[in-house]
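Each chain, written out:
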Amino acid sequence: MLKLYDYELSGNCYKLRLLLSFLGVEYKSELIDFYPGNQHKSPEFRQINPLGQLPVIDDNGLVLRDAQAILVYLASKYDPSCKWYPRDNPEMLGQISQWLAFADGITGTASAARLHDALFYNHIDVEAARAGAHRLFRVLDEHLFFAEEAGQDWICPGDHPTIADIACFPYIMLSEEGGIPRIDYPAIRRWSDRFKRIPGFTVMSGVFPAGPAAKDSSKAVA
Amino acid sequence: MSKPKCEDQVALNLWYTIAPIAELEEPGAQQTILLEQQIAYARNAAGEVVVWAHEGVPGGVPEQNTLPVQERYGYVWTTLGSPNSDIFPIPEYAEADRRNIHAATFGVNVSAPRLVENFLDMGHFPFVHTDILGAEPHTEVKEYFVEVSEERDEIIASNCKFWQPMAAAASSGGADVDYIYRVPHPFCSVLYKSSPLDESRKDVIAIFIQPFNQEQVRVHMLLSLLDDANNDTDIRLFQQTIFGQDKPILENQYPKRLPLDPRAETPIRADKSAIAYRRWLSGKGITYGVIPPAA
Ligand SMILES: N[C@@H](CCC(=O)N[C@@H](CS)C(=O)NCC(=O)O)C(=O)O
Ligand SMILES: [Fe+2]
């Protein structure tokens, strides 16, 4: 069975739990003592990922690291509808890749600030990380605002979310734990409310389900 | 140490956990903050734990002007003042068959008393820890007892009962769980909950809060459990999952400091214990991390 080297409080691991839940793919979590055990930096774990990072998957012997890369792989392999990653559509693939890279930028800023505040990663320049996150959130908020104007609900065109939405979602939702408020990003808020209503959506610690009012207006997208 | 930045003499005279002892295996001095004072800790050449205050550069391990140190429950404790009592007892910690596990130390942008109060509140279980520590429709907090033990100077809430889908990593299904809460220190609490393994005994979960300042803390979480099935990682991560759910709730509390004026806030449901806690803090004259009652 597909194995995910997993840590509950990791937003990058959560990206994969989300996609696997949307797709209804069974998997086994191998829990890693990321904190305080630092198990991802152990010699044993570096055999699995020399970068000493989560997440990693092992799918029948294929070992892959990097949340974005794994999203591409899992969606290509396990989504027969091809909606999460429309692999025959070059325009979409280009745009999805652009936002996957953007998502890694969110990890480098918003997630870094959260690690600083919650887990004492004291070497991080937290003010720079917060400022960087705000720059990215501003870009995404504007993008989503114009997308909505064009009748588009998701980061990339089309009426179905893609792995780009999944990749951006976790560390935006957890940003307040790093001292990054989101009140100035209304389009991001509306998008994240829509995201939480995707059938199969699951939470992680620190992310809450859509409010009850939202349920009624839910619209099937899967 | 120059004049302390914290002006609350009661808070200054308390013992505080500043780190799990395991952290001292790392080479060099570690740094943290206690009540706005920068402090460092390390083992000296003789292997003893040394804690000292500094103003920016910790330097090498000093031989003089160090702070009092105790090692207790797997953590290093220190104080910036002169405590008039010892660290409170947790007798269960010494029981031979218990698993004593440091679950985590987490930074939280909230005051220490708000964190203690959330820890005492069972009402949030079904909504915040859905399908783990609670689930709808089992939302009722039944009547429980609260007393302040004069002799031990601590608050005890007992006879608390709650239905829980997954009370601990060792649980195999839902159960009615009995709780006892102790608040033996203004910024620490110890809870006892029915053990899934042994009806006659209880699991222990303790939080020891280290205030960085009045609105930012770190919390050290100790588990002392009966569990012969799960490994340390599973036990630890179960507790982290729960705390990760509380964190955004705590950080969104407004105001961040706990108002002690009885009229200040419509108290949340089920908070006999919260009311007792606020009154107890007022009685002690604690001003740190609270909004004192208007005179
Ligand atoms: N680009 C990687 C970043 C992964 C990452 O930052 N993982 C974190 C946990 S969420 C980690 O393992 N950090 C440890 C480190 O970077 O040293 C991805 O998207 O998977
Ligand atoms: Fe909680």
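On a predicted model such as this, the values are computed, not experimentally measured, just so you know.

Reading the values: the criteria
- Residues numbered from 1 in each chain as written.
- Chains lettered and ligands numbered in written order.
- Predicted model: local features only at pLDDT ≥ 70, side-chain atom pairs only at ≥ 80, totals over all residues.
- Heavy atoms only, no water.
- Pairing = 2+ DSSP bridges.
- Helix = DSSP H or I, 4+ residues; strand = E, 2+ residues; numbered from the N terminus.
- Axes fitted to C-alpha atoms, helices over the stretch in contact; angles between N-to-C directions.
- Buried < 20%, exposed > 50% of the residue type's maximum accessible area, 1.4 Å probe, protein only.
- Near = heavy atom within 4 Å.
- Polar contact = N/O pair within 3.5 Å; in protein donor to acceptor, adjacent residues only side chain to side chain.
- Areas by Shrake-Rupley, 256 points an atom, 1.4 Å probe, with all protein chains shown as cover.
- Nonpolar A, V, L, I, M, F, W, Y, C, P; charged D, E, K, R; others polar.
- UniProt positions renumbered as here; feature names shortened; annotations may be inferred.
- Lys, Arg positive; Asp, Glu negative; His and termini not counted.
- Salt bridge = Lys/Arg side-chain N within 4 Å of Asp/Glu carboxyl O.
- Contact = heavy atoms within 4.5 Å.
- Buried area = accessible area lost by both parts, 1.4 Å probe.
- Donors = N, O, S within 2.8 Å, 3.2 Å for Na, K, Ca; no water.
- Tetrahedral: all angles 85-135°; square planar, octahedral: opposite > 155°, others 65-115°.
- Expected span 1.5 Å × (residues − 1).
- Bend = angle between axes of the 7 residues up to and from the residue.
- Parallel < 35°, antiparallel > 145°, perpendicular 65-115°, else oblique.
- Domains from an automatic or database assignment.
- Core = buried A, V, L, I, M, F, W, Y, C linked by side-chain atoms within 4.5 Å.

Residue and element names in this part refer to chain B. Reading across from one edge, S1-S6-S5 is the order of the three strands in this open sheet, with antiparallel pairing throughout. A single partner strand is all that each edge strand has here, and the edge strands are strand S1 (16–20) and strand S5 (69–72). Each strand axis lies, on average, 35° off the axis of its neighbour in the sheet, ignoring direction.

With that settled, the discussion passes to the pairing of strand S4 (residues 49–53) of chain B. Residue and element names in this part refer to chain B. For S4, the buried fraction is high: five of the five residues fall into the buried class. Along S4, one buried face is formed by Val49, Val51 and Ala53 and the opposite face, lined by Val50 and Trp52, is buried too. Pairing geometry for strand S3 (residues 37–43) and S4, over five bridges, is antiparallel. Across the sheet, Arg43 pairs through a bridge with Val49, a residue of S4. Between S3 and S4, which follow one another and run antiparallel, lie five residues, and Gly47 among them has a positive phi close to 90°.

This part takes up the site of ligand 1. All names here are of chain A. Neighbouring ligand 1 are 15 residues, the closest being Lys41, Gln53, Leu54, Ala67 and Gln68. Within the backbone of Leu54, one N or O atom sits 2.7 Å away from a nitrogen atom of ligand 1. Contacts to ligand 1 include Ala67, whose backbone N or O atom sits 2.7 Å from an oxygen atom. Here ligand 1, which alone exposes 500 Å², has 83% of that area covered by the protein. Elements that contribute at least two residues to the shell around ligand 1 include exactly helix H3 (67–78) and helix H4 (90–119). Partitioned by chemical class, the residues of the shell around ligand 1 number five nonpolar, seven polar and three charged.

What UniProt calls "domain: GST N-terminal" (unreviewed entry) maps, in this numbering, to residues 1–82 of chain A. Taken as a whole, residues 1–82 of chain A contains 38% helix and 20% strand, while its terminal C-alpha atoms sit 22 Å from one another.

A few words on the side chain of Glu92(B). Residue and element names in this part refer to chain B. Among the structural elements, Glu92 can be located in the loop between strand S6 (75–78) and strand S7 (99–108). Of the buried charged residues, Glu92 lacks a salt bridge, with Arg182 as the closest side chain of opposite charge at 5.1 Å. Setting aside residues up to four positions removed in sequence, Glu92 forms contacts with Arg98, Tyr192, Val204 and Ser224.

Attention now goes to the interface of chain A and chain B. On the side of chain B, 23 residues touch chain A, which itself brings 19 residues to the contact. In total, chain A and chain B occlude about 1,600 Å² of area from one another, counting both sides; carbon and sulfur atoms represent 58% of this. Considering only the surface of chain A that becomes buried against chain B, Phe120(A), Glu177(A) and Phe208(A) emerge as the three largest contributors, covering 29% of it. Joining chain A to chain B, the criterion identifies two salt bridges. Our count for the chain A to chain B interface comes out at nine residue pairs in polar contact (both at pLDDT 80 or more). No other element matches the three residues that H4(A) contributes to the side of chain A that touches chain B.

With that settled, the discussion passes to the coordination of the iron ion (ligand 2). All names here are of chain B. The protein atoms donating to the iron ion (ligand 2) are His124 (NE2), His129 (NE2), Asp246 (OD) and Asp246 (OD), with metal-donor distances spanning 2.0 to 2.5 Å. One way to put it: the four donor atoms around the iron ion (ligand 2) meet at angles of 58 to 155°, and that makes the site irregular. Of note, the donors binding the iron ion (ligand 2) are all from one chain and are spaced H-x4-H-x116-D. Of the two residues, His124 sits in the loop between helix H2 (112–120) and helix H3 (125–128) while Asp246 sits in helix H4 (residues 232–251), which places them 122 residues apart along the sequence. Judged by relative accessible area, which is 11%, His124 ranks as buried.

Further remarks concern H4(A). Residue and element names in this part refer to chain A. Along its 30 residues, H4 runs 40 Å from first to last C-alpha, staying within 8% of the 44 Å computed at 1.5 Å per residue. Maximum bend of H4: about 30°, positioned at Ser111. Phe120, located one to two residues past H4, shows a positive phi value of around 60°.

What follows is about the packing of H4(A) against helix H6 (residues 163–173) of chain A. Packed helices, taken two at a time, are described by their axes: the angle between them and the distance between them. All names here are of chain A. Contact geometry of H4 with H6 gives a least axis separation of 8 Å together with a crossing angle of 10°. In terms of their interaxial angle, H4 and H6 are classed as roughly parallel. Of H6, the residues touching H4 (which contributes Ile96, Trp99, Leu100, Phe102, Ala103, Ile106, Thr107, Ala110, Ser111 and Arg114) are Ile163, Ala164, Ala167, Cys168, Tyr171 and Ile172. Taken together, the residues of the contact of H4 with H6 break down into 13 nonpolar, two polar and one charged.

Residues and elements named next belong to chain B. In terms of strand pairing, strand S8 (residues 145–149) meets strand S9 (residues 154–164) through five bridges, oriented antiparallel. Each residue of the ladder has a partner; that of Val148, found in S9, is Ile155. Hairpin remark: S8 followed by S9, antiparallel, with four residues in the connecting loop; positive phi at Asp153, about 50°.

What follows covers the sheet that holds S3(B). Residues and elements named next belong to chain B. One open sheet accounts for three strands, arranged S2-S3-S4; its pairing is antiparallel. At either end of the open sheet lies a strand with only one pairing partner, and these are strand S2 (30–34) and S4. Between one strand axis and the next, the sheet turns through 30° on average, direction left out of account.

The next point concerns the domain arrangement of chain A. Residue and element names in this part refer to chain A. Domain annotation for chain A reports domain 1 (2–78) and domain 2 (90–196). Taking only C-alpha atoms into account, the centre of domain 1 sits 20 Å from that of domain 2. The partner domain 2 presents 16 residues to the 15 residues of domain 1 that form the contact. Both faces combined, the contact of domain 1 with domain 2 buries some 1,300 Å², and carbon together with sulfur accounts for 71% of it.

So, about the nonpolar core. Among the nonpolar cores identified, the biggest contains 146 residues, and Leu115(B), Phe187(B) and Tyr277(B) are the most heavily contacted of them. For this core, the element with the most residues is H4(A), which contributes 14 residues. Residue contacts for Tyr277(B): discarding those within four places in its chain leaves Pro113(B), Val116(B), Glu117(B), Leu120(B), Ile155(B), Val183(B), Pro186(B), Phe187(B) and Leu258(B). Residues Tyr75(B), Ile90(B), Tyr192(B) and Val204(B) belong to the second largest nonpolar core, which totals 14 residues.

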